[in-house]
Amino acid sequence: MEKENDKPKSFSLWRKNISEIPCFRNSYLYGISSGIAAGIIYFMFTSKIRISSHIAVTVFAATTLTYWTYCRYKWETDENTVGMMKEFLRDRIAKEGTDVEKVPIYEVSSSQSPSS
């Protein structure tokens, strides 16, 4: 028996695998669910099909773009923080056991008092 590839097939968009794009899945899930909910709620109150579909698409687009922006900003700041911590740890490991490690970075002198 031959085994087929165990990799799940994925959809690519602009030559990028969608499953590898950060925040893509959550943005679209929140956008789709909020768009459907807004469209259904508006339709239940007014029974206007055309306007409720316009509202559903508008809410979908607004929610997707808003959450995408928020999620990417948060992802980028987290990546920057991780990079800074890696650099700090790399420097700390390089200085470990040397005389440079024992020199304090910041010295606070208690002899100076704030002038009032």
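Rules used in this analysis
- Within any chain, residue numbers begin from 1 and follow the written order of that chain's sequence.
- Per-residue local features are limited, in this predicted model, to residues with pLDDT of at least 70; the limit for side-chain atom pairs, both in listing and counting, is 80 or more; totals at the level of whole chains, interfaces and linings are taken over all residues.
- In computing side-chain values, all of the structure's heavy atoms are included and hydrogens and water are not.
- Secondary structure is summarised from DSSP: a helix means a run of H or I of at least four residues, a strand means a run of E of at least two, and numbering begins at the N terminus for each.
- Per-residue accessibility, obtained with a 1.4 Å probe over protein chains only, is compared with the maximum for each type, and a residue is labelled buried under 20%, exposed over 50%, and partly exposed between these values.
- Only the protein chains shown count as cover for residues, with accessible areas throughout obtained via the Shrake-Rupley method and a probe of 1.4 Å.
- UniProt positions are given in the numbering used here, feature names are shortened, and annotations may be inferred rather than shown by experiment.
- Note on geometry: axes are C-alpha line fits, over the in-contact stretch for helices, and angles between N-to-C directions span 0 to 180 degrees.
- Under this scheme an angle from 65 to 115 degrees is roughly perpendicular, one under 35 degrees roughly parallel, and one over 145 degrees roughly antiparallel; angles in between are oblique.
- The handedness criterion is simple: a crossing whose near helix is rotated anticlockwise from the far helix by less than a right angle is left-handed, and one whose near helix is rotated clockwise is right-handed.
- Side-chain classes follow a simple rule in which Ala, Val, Leu, Ile, Met, Phe, Trp, Tyr, Cys and Pro form the nonpolar group, Asp, Glu, Lys and Arg form the charged group, and the remainder, Gly included, forms the polar group.
- By the criterion applied in these results, polar contacts are pairs of N or O atoms within 3.5 Å in which, for protein atoms, one can donate a hydrogen and the other can accept it, and in which residues neighboring in sequence qualify only through two side-chain atoms.
- Residue contacts follow a heavy-atom distance rule, with two residues in contact if any of their heavy atoms lie within 4.5 Å.
- We define a salt bridge as a contact between a side-chain nitrogen of Lys or Arg and a carboxyl oxygen of Asp or Glu at a distance within 4 Å.

S.K.: I'm lost on the overall build of the protein in this one. Help?
M.R.: Within the protein, the regular secondary structure consists of three helices and two strands. Helices (α) and strands (β) of the protein occur, in sequence order from the N terminus, as β-β-α-α-α. Burial analysis of the protein (116 residues in total) assigns 10% to the buried set. Surface exposure of the protein reaches about 11,000 Å², of which carbon and sulfur atoms provide 60%.

S.K.: How should the UniProt feature "transmembrane region" (unreviewed entry) in the protein be read in this particular structure?
M.R.: The UniProt record annotates "transmembrane region" (unreviewed entry) at residues 28-45 and 51-70. Overall, residues 28-45 shows 100% helix and 0% strand. The separation of its end C-alpha atoms is 26 Å. Secondary structure content for residues 51-70 is 100% helix and 0% strand, and the end C-alpha separation is 28 Å.

S.K.: Explain the packing of helix α1 (residues 24-46) against helix α2 (residues 49-95) here, please?
M.R.: A pair of packed helices can be characterised by two numbers: the angle between their axes and the separation between those axes. Orientation of α1 relative to α2, taken along the N-to-C sense of each, is 155 degrees, at an axis distance of 7 Å. For the element pair α1 / α2, the angle class is roughly antiparallel. Judged by the twist between their axes, the crossing of α1 over α2 is right-handed. A breakdown of the residues in the contact of α1 with α2 according to their chemical character gives 15 nonpolar, nine polar and no charged.

S.K.: Help me understand the side chain of S52 in this model?
M.R.: The topology assignment puts S52 in helix α2. According to the relative accessible area criterion, S52 is buried, its value standing at 6%. Polar side-chain contacts of S52 include one of 2.8 Å to the backbone oxygen of I49. Apart from residues no more than four positions distant in its own chain, S52 is found in contact with G39, Y42 and F43.

S.K.: It is not clear to me how the environment of G31 should be interpreted in this structure. Could you clarify?
M.R.: Mapped onto the elements, G31 comes out in helix α1. Beyond its immediate stretch of four places on either side in the chain, G31 contacts F60, T63 and T64.

S.K.: Explanation requested: the pattern of salt bridges in the structure shown.
M.R.: Between side chains of opposite charge, a pair can form when the charged atoms approach closely. Under the definition given, this model contains one salt bridge. Salt-bridge contacts for K74 lead to D78; the nearest nitrogen and oxygen are separated by 3.5 Å. Placement of the pair is K74 and D78 together in helix α2, with a separation of four residues, close to one helical turn. Under the relative-accessibility criterion, K74 is labelled partly exposed at 41%.

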